[in-house]
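# A closer look at the structure
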Amino acid sequence: MIVSQQHYSAGENLAYNDIANLKRTKTILNYLLTIILTFRNVEIKDFENVEKKILKIVLEGKNNVHIVSDFDMTITKYWHNGRKSPSSHDIITKSSTVSDEYHKKCEALKAKYYPIEISPDLTDDEKYPYIVDWYKNANQAILDEKIHKDDITTMCRENSVVFRPGIKDVFQTCRDKEIPFLVFSAGVQNVIQESLVQSDLLYENMKVVSNTMSFNEETGICDKFVGQLYHVFNKNNFGLEGTEYEKKYKNRKNVIVCGDSLGDIKMADGAEHETCLSIGFLNLNKFKMLNKYMNTFDIVITDDGSFDLVNEILRLLN
């Protein structure tokens, strides 16, 4: 772990009006330091800043925080049994209900564009037009396949996602403390939601925003996508203005953002906030990408690590 050499003192330069119990504050800081240092795959560039953010989130409590997290390879694992675990798009592609032609088309798109998405040598601006083309072509392939709404349930049962260790505890902690949890993904909303439902993990405090398939009322066939096209580089607007879910997070001034792509840091732009604690899951190209991730996210979790640190922070909230 990389930490700053300057340690934050609970009695110095605290700008929080509601810190009434200095002893409790010191206890929290000591506990945070202890738990963070126990995670070997956690990297932090500015430890002092992270401590300040976590302390503010903890002291202002469960009613002033909400969570925004990517789904594919963040909520889900990257590796499973030595192979890449399925994304929400993969669950459709690998299904027995789709044609060989659709499968080949999607594999060809992935072979062409995925190396571009994960390349450590290209900038986001250089990747952007290719990723837009990929998502547009992938959505068109779904429309061409004429997928029936009932097939989504079968697809998710055949190729279930592999949840990252600790995420179920995070879901349950957020449910119990009534902390809004937004799943914000560039995947397929219908597949993500069904995957959560089948695992009994979709709670009242949660919302899924992603690319959404719409099914014809008469035929049950997917004939269009509704809402914004989301991809890894434009996740800066939830599109939830005026909704019931917006009311849940609108007045919460602290947010914890979790993602596996550098572009996921933009998810914090989807809501007004005072404090954003950003957590990046670095799954690939660790030695080439670690510095970029540490310069982007407050906390970086490497090697397909767990959500345990996130849950430890949430458990402190009263």
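Residues numbered from 1 in each chain as written. Predicted model: local features only at pLDDT ≥ 70, side-chain atom pairs only at ≥ 80, totals over all residues. Heavy atoms only, no water.

Evaluated as defined, the whole model comprises 15 salt bridges. E60 serves as the salt-bridge partner of K56, at 3.1 Å between the closest nitrogen and oxygen. Of this pair, K56 and E60 both sit in helix α2 (residues 47-60), 4 residues apart, roughly one helical turn. You can call K56 buried: its relative accessible area is 10%. Residues D264 and K235 are paired through a salt bridge, measuring 2.9 Å at the closest nitrogen-oxygen approach. Highlighted residues: D264 in the loop between β8 (254-259) and β9 (275-282) and K235 in the loop between β7 (222-226) and α9 (244-249), separated in sequence by 29 residues. (Salt bridge = Lys/Arg side-chain N within 4 Å of Asp/Glu carboxyl O. Helix = DSSP H or I, 4+ residues; strand = E, 2+ residues; numbered from the N terminus. Buried < 20%, exposed > 50% of the residue type's maximum accessible area, 1.4 Å probe, protein only.)

This paragraph deals with the packing of aromatic side chains. Taken as a whole and judged by the stated rule, the model has 12 aromatic pairs. Note on F184 and Y230: the rings are 5.1 Å apart at their centroids and 85° apart in plane angle, and the pair reads as edge-to-face. Of the two residues, F184 is situated in strand β5 (residues 181-188) and Y230 in the loop between β7 and α9; the sequence distance between them amounts to 46 residues. Taking relative accessible area as the criterion, F184 reaches 0% and is therefore assigned buried. Accessibility expressed as a relative area gives 5% for Y230, which makes it buried. Residues F238 and Y249 carry aromatic rings whose centres are separated by 5.7 Å and whose planes lie at 80° to one another, so their mutual orientation is edge-to-face. In this pair, F238 sits in the loop between β7 and α9 while Y249 sits in helix α9, placing the two residues 11 residues apart along the sequence. By relative accessible area, Y249 is classed as buried at 6%. An aromatic cluster is present here, built from F184, Y230, F238, Y245 and Y249 joined pairwise through their rings. If you follow R175 out to its NZ or CZ, it ends over the ring of Y203, 4.8 Å from the centre. Here the guanidinium or amino end of K235 rests over the ring plane of F184, the centre of that ring lying 5.7 Å away. (Phe/Tyr/Trp six-rings, centres within 6.5 Å; stacked < 30°, edge-to-face > 60°. Lys NZ or Arg CZ within 6 Å of the ring centre and 35° of its normal.)

So, on to the packing of helix α7 (residues 167-177) against helix α11 (residues 308-315). Helix-helix packing: each pair is described by the crossing angle between the helix axes and the interaxial distance. Running from amino to carboxyl end, α7 crosses α11 at an angle of 20°, the nearest separation of the two axes being 9 Å. One element, α7, and the other, α11, form an angle in the roughly parallel class. Here α7 runs over α11; the crossing is left-handed. In contact with D169, V170, T173, C174 and K177 of α7, α11 contributes V310, N311, L314 and R315. Of the residues in the contact of α7 with α11, the class split is 4 nonpolar, 2 polar and 3 charged. (Axes fitted to C-alpha atoms, helices over the stretch in contact; angles between N-to-C directions. Parallel < 35°, antiparallel > 145°, perpendicular 65-115°, else oblique. Left-handed = near helix turned anticlockwise from the far one by under 90°. Contact = heavy atoms within 4.5 Å. Nonpolar A, V, L, I, M, F, W, Y, C, P; charged D, E, K, R; others polar.)

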